[in-house]
Amino acid sequence: MTYNAQNGKLQIDPIEANGAARYFLHAIKCIKLQAGLPLTPYKNNDKLSQPDIAMHDILQGAAVIGIDLGASSGREIDSSNS
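So, here's what we can say about the structure. Keep in mind that this is a model prediction, so the values were computed, not measured.

1. Some words on the overall build of the protein
Then, number 1: Counting its secondary structure elements, the protein contains two helices and two strands.
Then, number 2: Counting from the amino terminus, helix and strand elements in the protein follow one another as β-β-α-α.
Then, number 3: Considering only C-alpha atoms, the protein reaches an extent of 45 × 25 × 20 Å along its principal axes.
Then, number 4: Looking at the protein as a whole, 24% of its 82 residues qualify as buried.
Then, number 5: For the protein, long-range pairs separated by at least 24 residues make up 56% of all intrachain contacts whose partners lie at least 6 apart in sequence.
Then, number 6: Accessible surface, the protein as shown: approximately 5,800 Å² in total, 54% of it carbon and sulfur.
Then, number 7: Of the side chains in the protein, 7 bear a positive and 8 a negative charge, and the two mean positions are spaced by 3 Å.

Here you go:
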């Protein structure tokens, strides 16, 4: 990943972006494991827990740099194979 100061753009190599996405998804899996949450997608009508907020922040951080992890909530992610 490089930042081009002349045009103010961040340039991400597709291989690096894929690697970053895998790290983000693995972090979400670790949060689920630590919190005793299902690794497969699940619904929960309770208010957001600390693990939910942490997973949301990971998803938002990825989105900021242009990586779409395919979900708006960690509850929607299937972490069973990551």
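The rest of the description comes next.
2. Quick word on helix α2 (residues 50-64)
Then, number 1: Here α2 contains 15 residues, and its C-alpha end-to-end distance of 21 Å stays within 8% of the 21 Å for a straight helix at 1.5 Å per residue.
Then, number 2: Turning to α2, its buried residues are Asp52, Met55, Ile58, Leu59 and Ala62. Around the axis of α2, the buried residues are gathered within 125° of arc, so they sit on the same side. In this structure, α2 carries Gln50 and Val64 as exposed residues pointing more than 90 degrees from its buried face.
Then, number 3: Each element contacted by the buried residues of α2 is listed here: α1 (14-35).
Then, number 4: Gly66 occupies a position one or two residues after α2 and carries a positive phi of about 85°.

3. Re the side chain of Ser79
Then, number 1: Structurally, Ser79 is set in the segment after α2.
Then, number 2: Those residues within four positions of Ser79 in sequence are excluded, and the remaining contacts are Ile28, Lys29, Lys32 and Leu39.

Scoring rules and cut-offs
Residues numbered from 1 in each chain as written. Predicted model: local features only at pLDDT ≥ 70, side-chain atom pairs only at ≥ 80, totals over all residues. Heavy atoms only, no water. Helix = DSSP H or I, 4+ residues; strand = E, 2+ residues; numbered from the N terminus. Buried < 20%, exposed > 50% of the residue type's maximum accessible area, 1.4 Å probe, protein only. Contact = heavy atoms within 4.5 Å. Areas by Shrake-Rupley, 256 points an atom, 1.4 Å probe, with all protein chains shown as cover. Lys, Arg positive; Asp, Glu negative; His and termini not counted. Charge placed at Lys NZ, Arg CZ, Asp CG, Glu CD. Expected span 1.5 Å × (residues − 1). Arc of directions from axis to C-beta.

Without other data, these values stay purely geometric and don't point to any function.
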